[in-house]
Amino acid sequence: MPDLYAALGVTSRATTEEIRSAYKSLSLQHHPDRPTGNEAKFKEIQEAHEVLSDPGRRSVYDINGSVNGESRGGWPPPQTASGIPFSFMGGGGFGIPEVHFNMGDMFNGIFGGGVGKPRRRGGKGPDKFHDIGVRIEDFYKGHEIKLKFNQARKCASCEGSGAETTEDCGPCGGAGKRIMMRPIGPNMIAQTHVTCELCSGDGKRVMKVCRGCQGKKLVESEKQLEIRVEPGMRDGQKVPFVGECSDSPEYDEPGDVVLTLQCVMPDVYEWKGDDLWSTAKITYAESVLGFTKKFTDHPSGKEVLLTWQGGPLLHGATLRREGGGMPTRGGGYGSLYLRIHVVPPPVVPWSSEDAAKLQSVLGGVAASLVSAGDSLTFVDSA
Ligand SMILES: [Zn+2]
Ligand SMILES: [Zn+2]
């Protein structure tokens, strides 16, 4: 699977808007009908956009490095090539599909992530970090996401040794370490303790393989993590699940699974702190007379109508609706801010009647003074 982000020339943190604009400019550049066109490249860009513009498919790709359930290279090891099912359920029918895929490198590989006998490292295994796409309406109302995966735990019947019966390792005498002599100069020999490679430091040799785990030391079972997205949580919030990585023979305890909630934003909003920001494009007439703006995709799920009747607005003005923002940690709501973008009107000369009406409302310069100077010519609107 090619790197979809690289195909669009964006980072994995790119917003929906950045992805769309990268797609637009690249597909124009590489369209087969153009002199700079390249059909293969064009196809690649289209495929990348198809996946990355869909929050559900993007999450799957982010976690798994593929869109169809094949894992990133190098994992799983050959003995589990059929893959470990992993499902991601958006719940609540918000359009995040339930998808089954390999855990990939999200959790510790159940065999320690490699082929051959892993080296004992001891201590706690590494944490696994991953992003989970969450819709803004789910941040607003609260939501539960269920992650299902097969988790490996040390086999209970052999306590993770993989053996039903063992005997002491011969070469190291059961110590797990051997002394290595190395000449370092005339009549000088250095002695170093090295881990016995035959028993990997266990000091034991397997005589009879454990029937519980067939010697694999680990047993898999289905595990479900429930991620509770609560109102007041923020984009980028980390949700740790202590010790939920798979056990591995390399480490004494498994690492944590740390999920980062990444908001999937509709392009119409920006989320800053407790507040939402948006832009209202209004006509010149609306900037003078007032306007009503309807939001059908507010994260509350309700239609939001905002009205301005307060007098003339200039381009770049900011209006605020208290309580129209995101839930706060304390239980209230932030504000919805509207940046005013005034679309310039077509430039047409006023009729003398219109000029007189406007002058009666706005005041202004007397017509005799207007016609006294040299005429100006319209060039362009800024
Ligand atoms: Zn040994
Ligand atoms: Zn066992």
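In what follows, the structure referred to is the one given above.
Before going into details, it helps to say that this report is about the structure given with it. All values derive from a computational prediction rather than experimental measurement. (Residues numbered from 1 in each chain as written. Chains lettered and ligands numbered in written order. Predicted model: local features only at pLDDT ≥ 70, side-chain atom pairs only at ≥ 80, totals over all residues. Heavy atoms only, no water.)

**A look at the layout of surface pockets**
Then, number 1: Each pocket or cavity is described by its volume, and for the largest pocket that value is around 800 Å³.
Then, number 2: At the level of elements, helix 6 (284–289) and helix 7 (352–362) are the ones that each hand at least two residues to the lining of the largest pocket.
Then, number 3: Residues of the lining of the largest pocket, tallied by class, amount to 18 nonpolar, five polar and no charged. (1 Å grid on protein atoms, 1.4 Å probe; cavity = no way out; pocket = protein on both sides within 12 Å on 5 of 7 lines; lining within 4 Å. Points joined across faces, edges and corners; volume = space filled by probe spheres on them. Helix = DSSP H or I, 4+ residues; strand = E, 2+ residues; numbered from the N terminus. Nonpolar A, V, L, I, M, F, W, Y, C, P; charged D, E, K, R; others polar.)

**Digging into the coordination of the zinc ion (ligand 1)**
Then, number 1: Surrounding the zinc ion (ligand 1) are the protein donor atoms Cys-169 (SG), Cys-172 (SG), Cys-196 (SG) and Cys-199 (SG), which sit 2.2 to 2.4 Å from the metal.
Then, number 2: As a motif over one chain, the donors of the zinc ion (ligand 1) read C-x2-C-x23-C-x2-C. Within this pair, whereas Cys-169 is found in the loop between strand 5 (163–168) and strand 6 (177–185), its partner Cys-196 is found in the loop between strand 7 (188–195) and strand 8 (204–209), the two being separated by 27 residues in sequence. For the pair formed by Cys-169 and Cys-196, the shared burial category is buried. (Donors = N, O, S within 2.8 Å, 3.2 Å for Na, K, Ca; no water. Buried < 20%, exposed > 50% of the residue type's maximum accessible area, 1.4 Å probe, protein only.)

**Some remarks on the coordination of the zinc ion (ligand 2)**
Then, number 1: At the metal site, the zinc ion (ligand 2) is ligated by Cys-155 (SG), Cys-158 (SG), Cys-210 (SG) and Cys-213 (SG), and these contacts range over 2.2 to 2.4 Å.
Then, number 2: Bound by four donor atoms, the zinc ion (ligand 2) shows angles of 105 to 114° at the metal and therefore tetrahedral coordination geometry.
Then, number 3: Since its relative accessible area comes to 2%, Cys-213 is described here as buried. (Tetrahedral: all angles 85-135°; square planar, octahedral: opposite > 155°, others 65-115°.)

**Structural notes on helix 2 (residues 16–30)**
Then, number 1: A rise of 1.5 Å per residue sets the reference length of helix 2, with its 15 residues, at 21 Å; its end C-alpha atoms lie 21 Å apart and thus fit the reference within 8%.
Then, number 2: Considered for burial, the residues of helix 2 that qualify are Ile-19, Ala-22, Tyr-23, Leu-26, Ser-27 and His-30. Burial along helix 2 is one-sided: seen end-on, the buried residues are contained in an arc of 120°. Opposite the packed face of helix 2, turned more than 90 degrees from it, sit the exposed residues Lys-24 and Leu-28. (Expected span 1.5 Å × (residues − 1). Arc of directions from axis to C-beta.)

**Some remarks on the sheet that holds strand 10 (residues 238–241)**
Pairing between the strands of a sheet is mediated by backbone hydrogen bonds and can be parallel or antiparallel.
Then, number 1: Strand order in this open sheet of three strands is 3-11-10, and the pairing throughout is mixed. A strand with exactly one partner marks an edge of an open sheet, and here the two such strands are strand 3 (128–135) and strand 10. Here the strands of the sheet are splayed against their neighbours by 30° on average, with no regard to which way each runs.
Then, number 2: Bridge count between strand 10 and strand 11 (residues 257–264): four bridges; the pairing is antiparallel. (Pairing = 2+ DSSP bridges. Axes fitted to C-alpha atoms, helices over the stretch in contact; angles between N-to-C directions.)

**Here we look at the packing of aromatic side chains**
Then, number 1: Throughout the structure, instances matching the rule amount to four aromatic pairs.
Then, number 2: Relative to Phe-295, the ring of Tyr-269 has its centre 5.7 Å away and its plane inclined at 25°; by these criteria the two rings are stacked. Remark: Phe-295 occurs in strand 14 (residues 291–295) and Tyr-269 occurs in the loop between strand 11 and strand 12 (270–272); sequence separation between them is 26 residues.
Then, number 3: Look at Phe-295 and you get buried, because its relative accessible area is 1%. (Phe/Tyr/Trp six-rings, centres within 6.5 Å; stacked < 30°, edge-to-face > 60°.)

**Structural notes on the side chain of Asn-150**
Then, number 1: One can find Asn-150 in strand 4 (residues 143–154).
Then, number 2: Separated by 3.1 Å, the side chains of Asn-150 and Glu-220 make a polar contact. (Polar contact = N/O pair within 3.5 Å; in protein donor to acceptor, adjacent residues only side chain to side chain.)

**Side note on the sheet that holds strand 12**
Then, number 1: One open sheet holds the four strands; their spatial order is 12-13-17-16, and the pairing between them is mixed. Looking at strand neighbours, the two that pair on one side only are strand 12 and strand 16 (318–321), the edges of this open sheet. Ignoring strand direction, the axes of neighbouring strands in this sheet form an average angle of 30°.
Then, number 2: As paired elements, strand 12 and strand 13 (residues 275–283) share three bridges and run antiparallel to each other. If you follow Lys-272 over to strand 13, its bridge partner there is Asp-275.

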